[in-house]
Amino acid sequence: MAPPRILLCGDVLGRLNQLFKRVNSVNKSAGPFDALFCVGQFFSDEPDRLDELMDYVEGRAQIPLPTYFIGDYGVGAAKVLSAVSKNSANQGFKMDGFKVCDNLFWLKGSGKFTLYGLSVAYLSGRQLSNGQQFGTYSQDDIDALRAFAEEPGIVDFDVTNRATASDIPAGISDSFGSDSTVSHLVAEIKPRYHVAGTKGAFYAREPYSNIDAMHVTRFLGLASVGNKEKQKFLHALSPIPSSAMLSTEISAKPPNTTLSPYTLADQADRPKEATKRASDNVLDSQYWRYDVLNKRQKHGNGDGNKMCFKFISSGTCPREEKCNFQHDVDAREQFLRGVCLDFIIKGKCERGPDCNFKHSLQDEGESYSRRRPGSGNSNANRSKECWFCLSSPNVESHLVTSIGENFYCALAKGPLVQDHILIIPVEHFPNTLSLPADSEIELSKFQNSLKMYYKNQGKEAVFFEWISKHGTHANLQAVPVPSSKVAALKDIFNLAAEKLGFEFVTKRFNNNSEGRKWLKTQFDKNFSCFYVELPEGSILSHLVQENEKFPAQFGREVLAGLLNMADRADWRNCTISKEEETKLAENFKKRFQSVWKDVEPLEAFGSGHLTFPLGISDYAHVWLAMAWHLIFLGIPK
């Protein structure tokens, strides 16, 4: 697939006609382009340009391609953006742009989202403290962006209103003032491209190396639209998303690469770290991430009423006791029980009934894992909210590849590698270890079939499950690993455990059935648990203690390190279009069906038949859908 083609623009200053005339010209001569990002001030300083703006907002003039802006201040900003904020479609926790009109999106505050495979972070507006509703960013926005910086994966684009002092070349006026907050954020985020405006000049800095990162950053400053000096205000790029690049490509440094402009400041602000471990241990070097994760829960020094976004959403905060916001353990528990993040932090959620999360505090007995499977309305609400219930409107049915009586298979959303599969109970169970014993026969057949399928490709199957005591719907993940990497699996999982401060309980078995019987004896519903089944028969398990911090993506992160795919450790960095997902699912179905037929039929599973749905579009009721499959295929009920 060709990389996305992106246009970047400096301060628009309300000159939309001039901007889009130039965009149309460039699109015809060098396009088509996929999106346009506008940095710096978007709205005009001149009242007589308001009609020009409203022509586009009210649909009398057309915007030629999806356009995103961050400089939310100037004449008309309050009028337009107030209306946008009240639109129900734009309310709630939304980071990929508030829709102003067709093809125009406002990036409000701060956020991070994926566009055509590119990871985009942004900070909108200016740093002011006069209480303006629009055109400024808050401490909450800064805090949220710092939280995103701690997530795995590389940010491809960071767009800000102003440049940093380090980016301003000699001879360019700093009359607008550089932004020290942007300096700190860019140093933490380490984007591949940092784009800013508000300096009135075009400037492309030499790439610079980053501290504690292998890729370089390129800064691009853009002039304003219609500037008298005729400086460049529109720039085109076609970058390959970092998630699709090889590590050798990401780490390549051009000959003109300079040192990081933040090196001296970083050394002055940061206390000297302990001597780093030796780098000659290959397994060790792949687990740099667990040096960050190997911390215990802190409560911060925040003395205000505001809570730390990062701590609530992920269970950890890199600033620990230096954080200015509260690390509220109870709020974290509410988040894990499905309570809306906006409701927890702000006390309200503007999306109301359109939000898929709870808008009331949940007692421990009301968590998903404690609900009775047939508890009336709660069961209906659970099915509506759950991503994995086949009767849920949220289920992505195009990913489903096969359906049995007790389990179904689906391609993983944002797969780590090709043929990354989830084995999911048809009923809403919080884990696969609490299912009835007779369902284990079918699960074993699914696992054996996947093992054979992967083996035909020169790979081996690794199965793992993260069981949260607050979990909702179980999924057992199956990831193919090249046979040449299998010998290192146990060592690398044990090393990652060591970095987090625990040891696995390890036992080896001759078959899946014996291993899972043992796992059930180890399982305690009052604790969270992680286990992994390795190709050579070993099972590594760990019960997570009450105050122990454990990353939910642990299994995926370990395998990403083994496969030298650190940038794919987070599934959100690996999402693809629905069309691509559908094609991958269809291809898997065709290949897997032949393997399934070769596996010896099991008595408890009747004829050994399996449903391979073609273009599932709706599951109004899961058992109605299952009944049709059973009737057509003759599986005994």
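Structure's up top.
Here's a quick rundown of the structure. (Residues numbered from 1 in each chain as written. Predicted model: local features only at pLDDT ≥ 70, side-chain atom pairs only at ≥ 80, totals over all residues. Heavy atoms only, no water.)

## Notes on the environment of phenylalanine 42
Step number 1: Mapped onto the secondary structure, phenylalanine 42 falls in the loop between strand S2 (35-41) and helix H2 (50-57).
Step number 2: Take phenylalanine 42: its relative accessible area is 3%, and that puts it in the buried class.
Step number 3: Sequence separation between phenylalanine 42 and leucine 16 is 26 residues; the distance between their C-alpha atoms is 9.1 Å.
Step number 4: Ignoring any residue separated from it by four or fewer positions in sequence, one finds phenylalanine 42 in contact with Val12, Leu13, Gly14, Leu16, Phe69, Gly71 and Leu104. (Helix = DSSP H or I, 4+ residues; strand = E, 2+ residues; numbered from the N terminus. Buried < 20%, exposed > 50% of the residue type's maximum accessible area, 1.4 Å probe, protein only. Contact = heavy atoms within 4.5 Å.)

## Considering the pattern of salt bridges
Step number 1: For the structure shown, the criterion picks out 15 salt bridges.
Step number 2: Put simply, glutamate 58 and arginine 60 hold a salt bridge, and the shortest N to O gap is 2.6 Å.
Step number 3: By relative accessible area, arginine 60 is classed as exposed at 53%.
Step number 4: Measuring nitrogen to oxygen at the nearest pair gives 3.1 Å for the salt bridge that ties aspartate 419 to arginine 591. Highlighted residues: aspartate 419 in the loop between strand S15 (407-411) and strand S16 (421-425) and arginine 591 in helix H18 (residues 578-598), separated in sequence by 172 residues. (Salt bridge = Lys/Arg side-chain N within 4 Å of Asp/Glu carboxyl O.)

## Quick notes on the sheet that holds strand S1 (residues 6-9)
Step number 1: Here we have six strands laid out as an open sheet, ordered S4-S5-S3-S2-S1-S13, and mixed in their pairing. Each end of this open sheet is capped by a strand with a single partner; those strands are strand S4 (98-101) and strand S13 (234-237). Each strand axis lies, on average, 25° off the axis of its neighbour in the sheet, ignoring direction.
Step number 2: Where S2 and strand S3 (residues 67-71) come together, four bridges link them in parallel fashion. Its bridge partner lying in S3, cysteine 38 is registered against phenylalanine 69. (Pairing = 2+ DSSP bridges. Axes fitted to C-alpha atoms, helices over the stretch in contact; angles between N-to-C directions.)

## Concerning H2
Step number 1: For H2, the full list of buried residues reads Glu52, Leu53, Met54, Tyr56 and Val57.
Step number 2: Two residues or fewer after H2 comes glycine 59, characterised by a positive phi angle close to 90°.

## A short note on the packing of aromatic side chains
The relation between two aromatic rings is expressed through the spacing of the ring centres and the mutual angle of the planes.
Step number 1: Applying the stated criterion across every chain, the model contains 28 aromatic pairs.
Step number 2: Seen from their ring centres, tyrosine 453 and phenylalanine 592 are 6.0 Å apart, and the 85° between their planes marks the pair as edge-to-face. Note that tyrosine 453 is positioned in helix H14 (residues 439-455) and phenylalanine 592 in helix H18, a separation of 139 residues in sequence.
Step number 3: Geometrically, the ring pair formed by phenylalanine 550 and phenylalanine 554 is tilted, given 5.0 Å between the ring centres and 50° between the ring planes.
Step number 4: The buried category is assigned to phenylalanine 550, whose relative accessible area is 11%.
Step number 5: We classify phenylalanine 554 as buried; its relative accessible area is 0%.
Step number 6: One aromatic cluster is present, formed by Phe464, Trp466, Phe493, Phe502, Phe504, Phe530, Phe550 and Phe554 through successive ring pairs.
Step number 7: Across from the ring centre of phenylalanine 33, 4.7 Å away, lies the NZ or CZ of arginine 5, which sits over that ring. (Phe/Tyr/Trp six-rings, centres within 6.5 Å; stacked < 30°, edge-to-face > 60°. Lys NZ or Arg CZ within 6 Å of the ring centre and 35° of its normal.)

## Considerations on the nonpolar core
Step number 1: Ranked by internal contacts, the top residues of the largest apolar core, which has 44 residues, are Leu8, Phe37, Tyr68, Phe113 and Phe157.
Step number 2: Ranked by size, the runner-up nonpolar core spans 43 residues in total, among them Val395, Ile421, Ala461 and Leu519. (Core = buried A, V, L, I, M, F, W, Y, C linked by side-chain atoms within 4.5 Å.)

## Looking at the sheet that holds strand S20 (residues 528-533)
Step number 1: The eight strands lie next to each other as S14-S15-S16-S18-S17-S20-S21-S19, forming an open sheet whose pairing is antiparallel. In this open sheet, the two edge strands, each paired with only one partner strand, are strand S14 (400-403) and strand S19 (505-508). In this sheet, adjacent strand axes meet at a mean angle of 20° when their direction is disregarded.
Step number 2: In this sheet, S16 lies alongside S15 in antiparallel orientation, the contact comprising five bridges. When the sheet's bridge partners are listed, tyrosine 408 is paired in S16 with isoleucine 424.
Step number 3: Contacts from H14 reach S14, S15, S16, strand S17 (459-467), strand S18 (476-482) and S20 within the one sheet, and its direction differs from that of S17 by about 140°.
Step number 4: Sitting on the sheet, helix H16 (residues 512-522) touches S18, S19, S20 and strand S21 (538-544), and the angle it makes with S21 is about 15°.

## Quick word on the pairing of strand S12 (residues 216-221)
Step number 1: In terms of residue burial, S12 counts as a mostly covered element, since five of its six residues are buried.
Step number 2: In this sheet, S12 lies alongside strand S9 (residues 193-196) in parallel orientation, the contact comprising four bridges. From the neighbouring strand, histidine 194 faces S12, where its bridge partner is phenylalanine 219.
Step number 3: One ladder, built from two bridges, connects strand S10 (residues 203-204) with S12; its direction is antiparallel. In the strand pairing of S12, alanine 204 is matched with leucine 220.
Step number 4: One ladder, built from two bridges, connects strand S11 (residues 208-209) with S12; its direction is antiparallel.

## Side note on the pairing of S16
Step number 1: Of all five residues that make up S16, five are buried, and the element is covered over most of its length.
Step number 2: Along S16, one buried face is formed by Ile421, Ile423 and Pro425 and the opposite face, lined by Leu422 and Ile424, is buried too.

## A closer look at the environment of valine 481
Step number 1: On the secondary structure map, valine 481 appears in strand S18.
Step number 2: You can call valine 481 buried: its relative accessible area is 0%.
Step number 3: Along the sequence, valine 481 and valine 417 sit 64 residues apart, while their C-alpha atoms lie 8.9 Å from each other.
Step number 4: Residues in contact with valine 481, not counting those within four places in the same chain, are Lys459, Glu460, Val462, Leu559, Leu562 and Leu563.

## A closer look at unusual backbone geometry
Step number 1: Residue proline 32 is bonded to the preceding glycine 31 through a cis peptide linkage, with omega at 5°.
Step number 2: With respect to the element layout, proline 32 can be found in the loop between helix H1 (16-30) and S2.
Step number 3: Even without a glycine there, the phi angle at lysine 190 is positive, about 55°.
Step number 4: With a phi angle near 60°, lysine 230 is a residue other than glycine that sits in the positive phi range.
Step number 5: You can call lysine 230 exposed: its relative accessible area is 74%.

## Looking at the packing of helix H4 (residues 139-149) against helix H5 (residues 180-189)
Step number 1: The geometry of H4 relative to H5 is characterised by a closest axis approach of 9 Å and an angle of 20° between their N-to-C directions. Between H4 and H5, the crossing angle belongs to the class labelled roughly parallel. Considering the relative orientation of H4 and H5, their crossing is left-handed. Contact residues: H4 offers Ile142, Leu145, Arg146 and Ala149, while H5 offers Thr181, His184, Leu185, Glu188 and Ile189.
Step number 2: When grouped by side-chain class, the residues that make up the contact of H4 with H5 number five nonpolar, two polar and two charged. (Parallel < 35°, antiparallel > 145°, perpendicular 65-115°, else oblique. Left-handed = near helix turned anticlockwise from the far one by under 90°. Nonpolar A, V, L, I, M, F, W, Y, C, P; charged D, E, K, R; others polar.)

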